[in-house]
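# Structural overview for review
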Amino acid sequence: MDTVLCGSAHVYGDDIDTDRIIPGKYTKTLDLQSLADHVLEDLDPEFRLRMRPGDMIIAGDNFGCGSSREQAPLALKTAGVSVVIARYFARIFYRNAINVGLPALEVPDLRAETGDEFTVDLAQGVVRNTTQGTEHQADRMPEVMMAILHSGGLVAYLRAHGTYPPTEPIGTTP
Amino acid sequence: MTEPMGQTLSEKILSHHAGRSVAAGELVVVNVDGSMASDTTAPLTIKAFEEMGGKQVHDPSRTCLVIDHAAPAPNERIGNLHELMRQFARDQGTVLYDVGAGICHQLMVDNVHVRPGELFIGADSHTCSYGALGAFATGVGSTDLAAVWRTGKTWLKVPQTIRVEVDGTLRPGVQAKDLTLFLVGELGISGATYQAIEFCGSGVEQLDLGGRFTLANMAIEMGAKVGLVHPEGLSLPYEFTPLRPDDDARYVRHLSYDVDDLAPQLSAPGSPDDVHGLERYAGTPITYAFIGSCVNGRLEDLHTAARVLRDAHIAPGVRLVIAPASRDIFLRALGDGTVAELTRAGATFLPSGCGPCVGTHAGVPGDGETVISTANRNFTGRMGNPRAHVFLGAPSSVAAAALTGRITDPTPFLED
């Protein structure tokens, strides 16, 4: 997985639900390209025409709320979105994105306009808006999620490890 | 030596399943008691399970596959996905509920695939419904569920808990759904993100299992990981040990409400948490009314609708579509005359399942239509058409709107 990503931003607001990321009527399929063909269709009908591979989604609070459909991050990833950055994610979407290998970063104080160019260092969690000349630090994700993301997703992680690592009580980890 | 800290319900259940005492904020790998996937999520789960090297599902007798979201199949693509599920269930020896058996969540509770105190993972966000029983039940995506099938475990962050105390008595004709929508409005769609909710108080103790199910079901519309209802007043058709939090458990927030004066509530089109008193929208014309979904497709909901529509007929130009939450509910409603009564009143019955709630097949609204539904979501496009406007309400409010053709206070119809 590339750890430094470059692309331009598509900026949306708060509480973008998974029905708007990929409507339920398109979710019953194993054909990932057909998901990508309809990604964000009801929210931003022009998105598919505008976006270029490597572009980034930047949103506010609670991105990906609602249905647990993993088709939402799969649609974004298959469409060529390189990373989703939000102030914070709805819990299931956050897990799903990392599980399918779509990087997802929580950045509390991000400034962005659609069209701004970004450089994202996944390993360091550093997000640079090169258009506006600002730099932001992403919140640290739980270690197990970091390990899954570095493997390229949960399928690859479990193929390699067979199961989850044991967890330690708070206070005993360095 | 410090005294052990008091535990919330989530901390108790997760400690039990982690094999050690855990507290909010810790990451834990826990043993999973049971799991479930629907026809929206199971095909991707099967694919991920095979790709991650899975050969045999961890505990087939506690693994359920349910064909409910687009059932019967509306096209060959979905028909083939259903066949994939049937074949997998046969090969693996898992439980399969086929077309028409009902909605996954209703089946998990009614057929005792989940019990109080258990840890249950479902590839459907409304899995939190089983908090009605006091089970730690939460929704995940397909790949997380495949990992449960492969390992028998999942990882979780032990959530902080918001304690929501509801006191008082609902007025006649005001339903558990009105209380639930009210709380969704109060907490907001992200109000409890990453957190658990515990529901308690006299107003919750009076709820029957169905009412508790409605309340816990929409914990996800409050953003919560789980919504656990305290066991006081809970009655189940089998013996169980009630699980309570410790008196000195630590909560991140305490909220309390008195519901003596609560009026019927509606969620306005666009987001479930845009909740207002129904009065604000009284008189708004509707053309389509839906009763069903995992939150309100139960026998008592059909009974409520039948009371409102007794000896009457729905308004001209209105469609009333009903999808009972399970075949068993449908059978009981057939047996006691409710289906006949509602059909005479002009209702159209769909097979048991998710019906129009997910916008995949039966009952997609047309452009510009105003819909009133007992479901739990009204995000733009949810019912299959982004140009339709969907209100969410209690079964009483949906039936009253079907009767008059306008959003109408249902309480006068339910006062006797």
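Residues numbered from 1 in each chain as written. Chains lettered and ligands numbered in written order. Predicted model: local features only at pLDDT ≥ 70, side-chain atom pairs only at ≥ 80, totals over all residues. Heavy atoms only, no water.

### A look at the overall build of chain A
This is how it is decided: Helix and strand labels come from DSSP, where a helix needs a run of H or I of at least four residues and a strand needs a run of E of at least two; each type is numbered from the N terminus. Throughout, the radius of gyration refers to the C-alpha atoms, and the reference size of a globule is 2.2 Å times the residue count to the power 0.38. Exposed residues in this analysis have more than 50% of their type's maximum accessible area, buried residues have under 20%, and partly exposed residues fall in between, with area computed by a 1.4 Å probe over protein chains only. Per-residue accessibility takes into account occlusion by the displayed protein chains alone, with areas from the Shrake-Rupley method and a 1.4 Å probe.
Looking only at helices and strands, chain A has seven helices and seven strands in total. For 174 residues, the compact-globule formula gives about 16 Å, and the C-alpha radius of gyration of chain A, at 16 Å, lands near that figure. Taken along the three principal axes of its C-alpha coordinates, chain A extends 50 × 40 × 25 Å. Taking all 174 residues of chain A together, the buried fraction comes to 59%. Counting every atom, chain A has about 6,800 Å² of accessible surface; 49% of that belongs to carbon and sulfur.

### Points about the interface of chain A and chain B
As a reminder, the rule being used: We call two residues contacting when some pair of their heavy atoms lies within 4.5 Å. Buried area, as used here, totals the accessible surface that two parts lose on assembly, with accessibility defined by a 1.4 Å probe and the loss added over both. By definition here, a salt bridge exists when the distance from a side-chain nitrogen of Lys or Arg to a carboxyl oxygen of Asp or Glu is within 4 Å. Side-chain atoms alone can form a polar contact between residues adjacent in sequence; in general such a contact is a pair of N or O atoms within 3.5 Å, and within protein one must be able to donate a hydrogen while the other accepts it. Basically, the charged four are Asp, Glu, Lys and Arg, the nonpolar ten are Ala, Val, Leu, Ile, Met, Phe, Trp, Tyr, Cys and Pro, and anything else, Gly included, counts as polar.
Contacts between the two partners involve 47 residues from chain A and, on the opposite side, 55 residues from chain B. Buried area between chain A and chain B, both sides added, is near 4,300 Å², and the carbon and sulfur share of it is 59%. Of all residues in chain A, A:Lys28, A:Arg91 and A:Arg95 give up the largest surface area on contact with chain B, accounting jointly for 19% of the area buried on that side. Counting across the chain A and chain B interface gives two salt bridges. Between B:Arg382 and A:Asp19 there is a salt bridge; the shortest N-O distance is 3.1 Å. Linking chain A to chain B there are 23 residue pairs in polar contact (both at pLDDT 80 or more). Contributions of two or more residues to the side of chain A that touches chain B are made by α1 (18-21), α4 (71-79), α5 (91-99), α6 (143-151) and α7 (154-161) of chain A. Looking at the side of chain A that touches chain B element by element, the count peaks at six residues for α5(A). Taken together, the residues that form the side of chain A that touches chain B break down as 19 nonpolar, 13 polar and 15 charged.

### Description of the pairing of strand β10 (residues 226-229) of chain B
Residues and elements named next belong to chain B. Using the following cut-off: Between any two strands, pairing holds if DSSP finds at least two bridges.
Alternating positions in β10 separate into two faces, Val226 and Leu228 on one and Gly227 and Val229 on the other, with burial throughout. Bridging between strand β9 (residues 196-200) and β10 involves four bridges; their strand directions are parallel. Pairing of Glu198 across the sheet is with Leu228, part of β10.

### As for unusual backbone geometry
Of note, the amide linkage connecting B:Ala71 to B:Pro72 takes the cis form, showing an omega dihedral of -5 degrees. As for its placement among the helices and strands, B:Pro72 is situated in the loop between β3 (63-66) and α3 (76-92). A positive phi angle, close to 60 degrees, is found at A:Leu40, a residue other than glycine. In this structure, A:Leu40 sits in the loop between α2 (32-36) and α3 (47-50). By relative accessible area, which is 1% here, A:Leu40 ends up buried.

### Notes on the sheet that holds strand β8 (residues 161-167) of chain B
Residue and element names in this part refer to chain B. Rule in force here: In this description, a line fitted to the C-alpha atoms serves as the axis of each element, helices being fitted only across the stretch in contact, and the angle between N-to-C directions of two axes falls anywhere from 0 to 180 degrees.
Strand order across the open sheet formed by four strands is β10-β9-β8-β11, with parallel pairing between neighbours. Whereas interior strands pair on both sides, the edge strands pair on one side only; in this sheet they are β10 and β11 (253-258). Direction aside, neighbouring strands of the sheet carry axes that sit 20 degrees apart on average.

### Quick word on the packing of helix α2 (residues 42-51) of chain B against helix α5 (residues 142-151) of chain B
Residue and element names in this part refer to chain B. In plain terms, the rule: Under this scheme an angle from 65 to 115 degrees is roughly perpendicular, one under 35 degrees roughly parallel, and one over 145 degrees roughly antiparallel; angles in between are oblique. Working rule for handedness: look at the near helix, and if it is turned counterclockwise from the far one by less than a right angle, call the crossing left-handed; if clockwise, right-handed.
Relative to each other, α2 and α5 sit at 55 degrees, their axes nearing to 8 Å. Between α2 and α5, the crossing angle belongs to the class labelled oblique. α5 is crossed by α2, and the crossing has right-handed handedness. Within the contact between the two elements, α2 uses Leu44, Thr45, Ile46, Ala48 and Phe49 and α5 uses Ser142, Thr143, Leu145, Ala146, Trp149 and Arg150. Classifying every residue of the contact of α2 with α5 gives seven nonpolar, three polar and one charged.

### Thoughts on the packing of aromatic side chains
The description of an aromatic ring pair rests on the distance of the ring centres and on the angle between the ring planes. Going by this rule: Working definition: rings of Phe, Tyr and Trp (its six-membered ring) pair if their centres are within 6.5 Å, and the pair is stacked with planes under 30 degrees apart, edge-to-face with planes over 60 apart, and tilted otherwise.
Within this structure, the stated rule accounts for 11 aromatic pairs over all chains. Between the aromatic rings of A:Phe89 and A:Phe93, the centroid separation amounts to 5.8 Å while the plane-to-plane angle is 20 degrees, which identifies the pairing as stacked. Here B:Phe182 and B:Tyr257 contribute two aromatic rings whose centre-to-centre distance is 5.5 Å and whose plane-to-plane angle is 85 degrees, an arrangement assigned as edge-to-face. Highlighted residues: B:Phe182 in helix α6 (residues 176-187) and B:Tyr257 in strand β11, separated in sequence by 75 residues.

### Remarks on α2(B)
Counting buried positions over the 10 residues of α2(B) gives seven, a clear majority of the element. Among the residues of α2(B), those classed as buried are B:Ala42, B:Pro43, B:Leu44, B:Thr45, B:Ile46, B:Ala48 and B:Phe49. Those residues of α2(B) hidden inside the fold are in contact with α4 and α7 of chain A together with β2 (34-38), β3, α3 and α5 of chain B. Immediately beyond the C-terminal end of α2(B), within one or two residues, lies B:Gly53, with a positive phi of roughly 90 degrees.

### Considering the environment of B:Phe213
When you line up the elements, B:Phe213 lands in helix α8 (residues 209-217). If near-sequence neighbours (up to four positions away) are discounted, B:Phe213 is found in contact with B:His105, B:Gln106, B:Val109, B:Ser129, B:Ala132, B:Cys294 and B:Arg298.

### Focus: the domain arrangement of chain B
Residues and elements named next belong to chain B. Heads up, the rule is: The source of the domain bounds is an automatic or database domain assignment.
For chain B, the domain assignment lists domain 1 (1-262) and domain 2 (267-414). A separation of 25 Å is found between the C-alpha centroids of domain 1 and domain 2. At the junction of the two partners, domain 1 supplies 38 residues and domain 2 supplies 36 residues. Carbon and sulfur atoms supply 58% of the area that domain 1 and domain 2 bury against each other, a total of about 2,800 Å² over both sides. Of all residues in domain 1, Ile103, Gln175 and Lys177 bury the most surface against domain 2, accounting for 20% of the area lost on that side. Counting across the domain 1 and domain 2 interface gives one salt bridge. Salt-bridge contacts for Arg377 lead to Glu221; the nearest nitrogen and oxygen are separated by 2.8 Å. There are 19 residue pairs in polar contact (both at pLDDT 80 or more) connecting domain 1 and domain 2.

### Considering the state of the cysteines
Residue and element names in this part refer to chain B. Note the following rule: When two cysteine sulfur atoms lie within 2.5 Å, the pair is treated as a disulfide.
Using the criterion set out here, one finds zero disulfides over all chains in the structure. Of all cysteine sulfurs, the one in Cys294 lies closest to Cys128, which takes part in no disulfide; the gap is 8.4 Å. The thiol of Cys200 is not disulfide-bonded; the next cysteine sulfur, from Cys128, is found 18 Å away. Taking relative accessible area as the criterion, Cys200 reaches 5% and is therefore assigned buried.

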